[in-house]
Amino acid sequence: MFSAIGSGVGVHGDFQGLDGPHLAGDPCLVLTTDPKPRLRWTAELHERFVDAVTQLGGPDKATPKTIMRTMAVKGLTLYHLKSHLQKYRLGKQSCKDLPDNSKDASCLAESQDTDSSASSSSKIAQDLNDGYHVTEALRVQMEVQRRLHDQLEVQRRLQLRIEAQGKYLQSILEKACKVLNDQAAATAGLEAAREELSELAIKASNDSNGLVPVDALKVPSISELAVSLENKNPSNLPARFGDCSIDSCLTSNGSLVSPMGVASQAAAMKKRPRPLFGNGDSVPLEWMITNSG
Amino acid sequence: MKVPCTTTQAHQPPSLKHRATSFNEPKSVLDLGRSPSPSPAVNKPTPKSEVSAISESLFQSDDGSLHSVDQILNLEDWVWMRELGLHDDSTRIPQFNHSDSQLLPEFPPSHSFVPDDFSLSSDQFPNESFNSVALSNDFHHMNNDDFNFVDVLIRAADCFESNELQLADVILERLNHQLPYPTGKPLQRAAFYFKEALLGLLTGSTRSTHSSDVIQAIKAYKNFANVSPIIMFSNFTANQAILEAVDGSMFVHVVDFDIGFGGQWASFMREVADRAESRRVNSPSLRITAVVPEEYAIESRLIRDNLNQFACELKIGFDIEFVLVRTFELLSLKAIRFIDGEKTAVLLSPAIFQRIGAGFLNDLRQISPHVVVLVDAEGMTEGGTPSFRRSVIDGLEFYSTVMESLEAASVGGSEDWIRRIENFLLRPKIFAAVEAAGRRAPPWREAFAAAGLRAVGLSQFADFQAECLLRKVQVRGFHVAKLQAEMVLCWQQRALVATSAWRC
């Protein structure tokens, strides 16, 4: 049972060395700028207090002296602690019903001078309750903010991940075309390509085993030659890079009318707008070329 | 031409018990026709119910009597099914049975029946029982072809199961006419690919990858990744789980059983590099061991080159090794090089279980992986598949869902790129699924438990990431569900991809 902390003198005396609002040292004590400087129990300070109390075995076991030693905060006096501890104990009693007995008091400015201490510990407890409610609300808000921040972080990282994958796919595609087309006579001229194509068609028909299951997409715009090549390729011919390369260029380009040669196809692919993920423009330009003509 | 000796032997399970339960199954597939799809259904009129009535009766009766003849309105289907001898399995050569019905047009007994040539047109029938013919033409127009191809497909699957390959061939040839191209609604396109896959089983043709195919496949993959969240969800959820598990380590080793084109690891490397930079530490080095199928030479080379280049740009130590599935099958984890001091992560997909079973999981303990991530984008095959038919049905349902979800992303303009995605990405998977359907895949969940793996939940980051991903996709219909320790990407309540993380 505490006797009222009366004397302001004693308190004053302790403040002698303290001029500015802050003490040097860690953690800082925040003092109000009243004529009578009072200690502001900030969240951080209170947390340290609570830690110390817990360390010492709870508010009932802890004494101001031991708390002071445990907290090791410069400028904190027994008087500060006596008062705070009393309130804490009262608060704990009446706060037992609260679902979240939060000790994260964010700002509890307490007066050192207990004007009317008789005016009841219950009033103080009530204040503490309100204080805890307020801090609870604040805590929830901090939680929400943290979550938002996390989500933003996720969004940012996701964007980077998508970009990385996209960049990689683009590069592997280009490399594939380049490497696998290198074997072909890279001619830009349409006639040369056509000529080669007819040669291959002759070869293919010589190699063919006869009836081959039609295994083709219905792509009406591709010339007959290309179609027959494609049909024959999957089953009967061994992989000849030369064949497949031209074939692939043609099938991907669609009609032979398009003036793109083998060499420029890679370049063309670089230039075409990337189908944007989630931007509505998701139809690759390439495929539209295929359908035209 | 390769003869599929192994696969035929796999289709040995007794047919009788399956047939007994079979009358329940067609319903589920026919119900597929009612599943929501973006394009309004052409018609789902009463002929379908007649079809189902007919199919059910066909499946139920083993004795060959078509007692449902009287109710028949769907003449054409009934007629050709009967002619193919579907009601009577002992018939190899289709015999025309006059006994049961007065509706059937008369056929001269010596007529050698060739299913392919059969078309119900009036000039073919010497006997003018015209009511039947007119009826049949009417119903032909009513498009009841819509759903009976599913029945036929299932029937073909049944034949594989009971090892009646000649009959299967006949049925599939007929189906070829019904499904000549992958067009129409998603279900129809999926059925086309399954038909092709079944045909492939018969002819034993293996699709070897040609370089042109690879290019097309990469293109298709790129587009797929851009328009559908499926790939991103799979890759990034897995990546996040792995990142969290190996965070802080200087040496990371990933064993990847389904590397695809390697895009996932580019993203992973970027993440790793960024983290190292923000912490101002040296970047860790990443080592990947990819277990790949035999026909993967071209892709492997491309992956190696490109991942090396990517790592070089990010200034990360990197190395990748490829191990053949066959080798892994023989040697299990001994086929893979492990180095002390590495943090190991294993990335699995059901495909490997389908190919070589789940026995190797028991060895995982020895290498103490920090995390084992399972990405199931193949239809939640729990394994322990009871029948070939069931696999085909489930597969059909799954892939038509995937195709639907893909279609929903189309801007309505050119659909060609959808077809290409289906052809170059989904088709190989369907083929693999059908090939594996004959083998009894082990129930992987039990295998996981037996190996001492227990599921750990995925983090809040992964949660947020999935939500964020779906917001980016401007397609309605996707959502993410959390079941126990799994995160599942769904399309309209149907599961597409399930990811989960496990620890020893």
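All values derive from a computational prediction rather than experimental measurement.

## Some words on the overall build of chain A
Right, so step 1: Looking only at helices and strands, chain A features 10 helices and three strands.
Right, so step 2: In sequence order, the secondary structure elements of chain A are arranged as α-β-β-α-α-α-β-α-α-α-α-α-α.
Right, so step 3: Within chain A, the fraction of its 293 residues that count as buried is 39%.
Right, so step 4: If you take every contact in chain A between residues at least 6 apart in sequence, the share linking residues at least 24 apart comes to 65%.
Right, so step 5: Accessible surface, chain A: about 16000 Å² in total, of which carbon and sulfur atoms supply 56%.

## Quick look at the overall build of chain B
Right, so step 1: A tally of regular secondary structure across chain B gives 20 helices and nine strands.
Right, so step 2: When each of the 504 residues of chain B is scored for burial, the buried share is 58%.
Right, so step 3: Here the analysis covers contacts within chain B between residues at least 6 apart in sequence; of these, 76% occur between residues at least 24 apart.
Right, so step 4: As presented, chain B carries roughly 20300 Å² of accessible surface, and 52% of it is formed by carbon and sulfur atoms.

## A closer look at a nonpolar patch on the surface
Right, so step 1: Judged by side-chain polarity, Val 140, Val 144 and Leu 148 of chain A come together as a nonpolar surface patch covering roughly 250 Å² of accessible area.
Right, so step 2: Among the structural elements, Leu 148 of chain A can be located in helix H5 (residues 121-181).

## Section: the packing of helix H10 (residues 211-227) of chain B against helix H18 (residues 416-437) of chain B
The angle between the axes and the distance between the axes are what describe a pair of packed helices.
Residue and element names in this part refer to chain B.
Right, so step 1: H18 packs onto H10 with a crossing angle of 120 degrees between their chain directions and a minimal axis gap of 9 Å. Relative to H18, H10 is oriented oblique. H18 is crossed by H10, and the crossing has left-handed handedness. Counted together, Asp 213, Gln 216, Ala 217, Ala 220, Tyr 221, Asn 223, Phe 224 and Val 227 of H10 and Trp 417, Arg 420, Ile 421, Phe 424 and Leu 425 of H18 form the full contact between these two elements.
Right, so step 2: Residues that form the contact of H10 with H18 fall into these classes: nine nonpolar, two polar and two charged.

## Structural notes on the pairing of strand E5 (residues 371-376) of chain B
All names here are of chain B.
Right, so step 1: With respect to burial, E5 is a largely interior element, six of its six residues being buried.
Right, so step 2: On E5, burial covers both faces: Val 371, Val 373 and Val 375 on one face and Val 372, Leu 374 and Asp 376 on the other are all buried.
Right, so step 3: Summarising the sheet, E5 and strand E9 (residues 494-503) pair through five bridges and their orientation is antiparallel. Its bridge partner lying in E9, Leu 374 is registered against Ser 500.

## A word on helix H8 (residues 165-178) of chain B
All names here are of chain B.
Right, so step 1: Compared with an ideal rise of 1.5 Å per residue, which puts 14 residues at 20 Å, H8 spans 20 Å between its outermost C-alpha atoms and is within 8% of the ideal.
Right, so step 2: Of all the positions in H8, only Leu 167, Ala 168, Ile 171, Leu 172, Arg 174, Leu 175 and Gln 178 are classed as buried. Taken around the axis of H8, the buried residues stretch over an arc of 160 degrees, which confines them to a single face.

## Structural notes on the side chain of Ser 400 of chain B
Residue and element names in this part refer to chain B.
Right, so step 1: Along the chain, the position of Ser 400 falls in helix H17 (residues 388-408).
Right, so step 2: For Ser 400, a relative accessible area of 4% gives the class buried.
Right, so step 3: Polar side-chain contacts of Ser 400 include one of 2.9 Å to the backbone oxygen of Leu 396.
Right, so step 4: Discounting residues that sit within four places of it in the chain, Ser 400 has contacts with Pro 186, Leu 187 and Ala 190.

## Regarding the environment of Gly 317 of chain B
All names here are of chain B.
Right, so step 1: For Gly 317, the location among the structural elements is in the loop between helix H13 (297-314) and strand E3 (318-324).
Right, so step 2: The exposure class of Gly 317 is partly exposed, given its relative accessible area of 35%.
Right, so step 3: A C-alpha to C-alpha distance of 9.2 Å links Gly 317 and Phe 251, two positions 66 residues apart in sequence.
Right, so step 4: Residue contacts for Gly 317: discarding those within four places in its chain leaves Pro 284, Ser 285 and Leu 286.

## Things to note about the nonpolar core
Residues and elements named next belong to chain B.
Right, so step 1: Ranked by internal contacts, the top residues of the largest apolar core, which has 122 residues, are Leu 198, Ile 259, Trp 265, Leu 307 and Phe 388.
Right, so step 2: Aside from chain neighbours lying at most four places away, what touches Trp 265 is Asn 239, Ile 242, Val 254, Asp 256, Ile 259, Ile 288, Leu 307 and Leu 347.
Right, so step 3: By size, the runner-up hydrophobic cluster in this structure holds 27 residues, among which are Phe 257, Ala 335, Phe 360 and Ile 367.

## Quick word on the packing of helix H9 (residues 186-203) of chain B against H17 of chain B
Residue and element names in this part refer to chain B.
Right, so step 1: In the contact formed by H9 and H17, the axes pass within 8 Å of each other and the chain directions differ by 135 degrees. By the angle between their axes, H9 is oblique relative to H17. Viewed along their axes, H9 and H17 form a crossing whose handedness is right-handed. Between H9 and H17, the residues in contact are Pro 186, Leu 187, Arg 189, Ala 190, Ala 191, Tyr 193, Phe 194, Leu 198 and Leu 201 and Phe 388, Val 392, Gly 395, Leu 396, Tyr 399, Ser 400, Met 403, Glu 404 and Glu 407, respectively.
Right, so step 2: Taken together, the residues that form the contact of H9 with H17 break down as 13 nonpolar, two polar and three charged.

## Some details on the confidence of the model for chain A
Residues and elements named next belong to chain A.
Right, so step 1: Per-residue confidence for chain A averages 63 on the pLDDT scale, and 42% of its residues sit at or above 70.
Right, so step 2: When mean pLDDT is taken per element in chain A, H5 scores highest with 89 and helix H8 (residues 241-253) scores lowest with 40.
Right, so step 3: Per-residue pLDDT stays below 50 along residues 1-25; that stretch engages in 30 contacts with residues further than four places along the chain or on separate chains.
Right, so step 4: Low pLDDT, under 50, characterises residues 185-189; the stretch is placed with eight contacts to residues that sit more than four places away or in other chains.

## Looking at the packing of aromatic side chains
Right, so step 1: This structure, assessed with the given rule, holds 17 aromatic pairs over all chains.
Right, so step 2: An aromatic cluster of at least three residues, connected via ring pairs, comprises Phe 257, Phe 328, Phe 353, Phe 360, Trp 444, Phe 448 and Trp 502 of chain B.

## Some thoughts on the pattern of salt bridges
Side-chain pairs of opposite charge can arise where the charged atoms are in close proximity.
Right, so step 1: Inspection of the entire model under this criterion finds 26 salt bridges over all chains.
Right, so step 2: Across the pair Asp 158 of chain B and Arg 389 of chain B runs a salt bridge, and its minimum N-O distance is 2.5 Å. Highlighted residues: Asp 158 of chain B in helix H7 (residues 145-161) and Arg 389 of chain B in helix H17, separated in sequence by 231 residues.
Right, so step 3: Residue Asp 158 of chain B is classed as buried on the basis of its relative accessible area of 5%.
Right, so step 4: Judged by its relative accessible area of 1%, Arg 389 of chain B falls in the buried class.
Right, so step 5: Within the structure, one salt-bridge network assembled from shared partners comprises Arg 157 and Arg 161 of chain A together with Asp 247, Arg 270, Glu 271, Asp 274, Arg 275 and Arg 279 of chain B.

## Topic: the pairing of strand E8 (residues 486-491) of chain B
All names here are of chain B.
Right, so step 1: Among the six residues that make up E8, six are buried, leaving the element largely enclosed by the rest of the structure.
Right, so step 2: Of the two faces of E8, the one carrying Glu 486, Val 488 and Cys 490 and the one carrying Met 487, Leu 489 and Trp 491 are both buried.
Right, so step 3: Where strand E7 (residues 478-483) meets E8, six bridges bridge the pair, whose relative direction is antiparallel. Within E8, the position partnered with Val 480 by the bridge is Leu 489.
Right, so step 4: From the end of E7 to the start of E8, which pair antiparallel, there are two residues, and Gln 484 there has a positive phi angle of about 50 degrees.

## Some thoughts on unusual backbone geometry
Residue and element names in this part refer to chain B.
Right, so step 1: A positive phi angle, close to 35 degrees, is found at Ser 368, a residue other than glycine.
Right, so step 2: Along the chain, Ser 368 falls in the loop between helix H16 (361-367) and E5.
Right, so step 3: For Gln 492, which is not glycine, the phi dihedral falls at a positive 50 degrees.
Right, so step 4: Among the structural elements, Gln 492 can be located in the loop between E8 and E9.
Right, so step 5: Accessibility expressed as a relative area gives 29% for Gln 492, which makes it partly exposed.

## So, H17 of chain B
Residues separated by three or four positions in an α-helix point in the same direction, a consequence of the helix having 3.6 residues per turn.
Right, so step 1: With 21 residues, H17 of chain B should reach 30 Å at 1.5 Å per residue; the first-to-last C-alpha distance of 30 Å fits that figure.
Right, so step 2: Of all 21 residues that make up H17 of chain B, 17 are buried, and the element is covered over most of its length.

## Some remarks on the environment of Arg 155 of chain B
Residue and element names in this part refer to chain B.
Right, so step 1: Considering the arrangement of structural elements, one finds Arg 155 in helix H7.
Right, so step 2: What makes Arg 155 buried here is its relative accessible area of 6%.
Right, so step 3: Sequence spacing of Arg 155 and Arg 389 is 234 residues, and the spatial spacing of their C-alpha atoms is 8.3 Å.

Parameters and conventions
- Residues numbered from 1 in each chain as written.
- Chains lettered and ligands numbered in written order.
- Predicted model: local features only at pLDDT ≥ 70, side-chain atom pairs only at ≥ 80, totals over all residues.
- Heavy atoms only, no water.
- Helix = DSSP H or I, 4+ residues; strand = E, 2+ residues; numbered from the N terminus.
- Buried < 20%, exposed > 50% of the residue type's maximum accessible area, 1.4 Å probe, protein only.
- Contact = heavy atoms within 4.5 Å.
- Areas by Shrake-Rupley, 256 points an atom, 1.4 Å probe, with all protein chains shown as cover.
- Patch = residues over 30% accessible without salt bridge, like charges linked within 9 Å, V, L, I, M, F, W, Y side chains within 5 Å.
- Salt bridge = Lys/Arg side-chain N within 4 Å of Asp/Glu carboxyl O.
- Axes fitted to C-alpha atoms, helices over the stretch in contact; angles between N-to-C directions.
- Parallel < 35°, antiparallel > 145°, perpendicular 65-115°, else oblique.
- Left-handed = near helix turned anticlockwise from the far one by under 90°.
- Nonpolar A, V, L, I, M, F, W, Y, C, P; charged D, E, K, R; others polar.
- Pairing = 2+ DSSP bridges.
- Expected span 1.5 Å × (residues − 1).
- Arc of directions from axis to C-beta.
- Polar contact = N/O pair within 3.5 Å; in protein donor to acceptor, adjacent residues only side chain to side chain.
- Core = buried A, V, L, I, M, F, W, Y, C linked by side-chain atoms within 4.5 Å.
- pLDDT = per-residue confidence, 0-100.
- Phe/Tyr/Trp six-rings, centres within 6.5 Å; stacked < 30°, edge-to-face > 60°.

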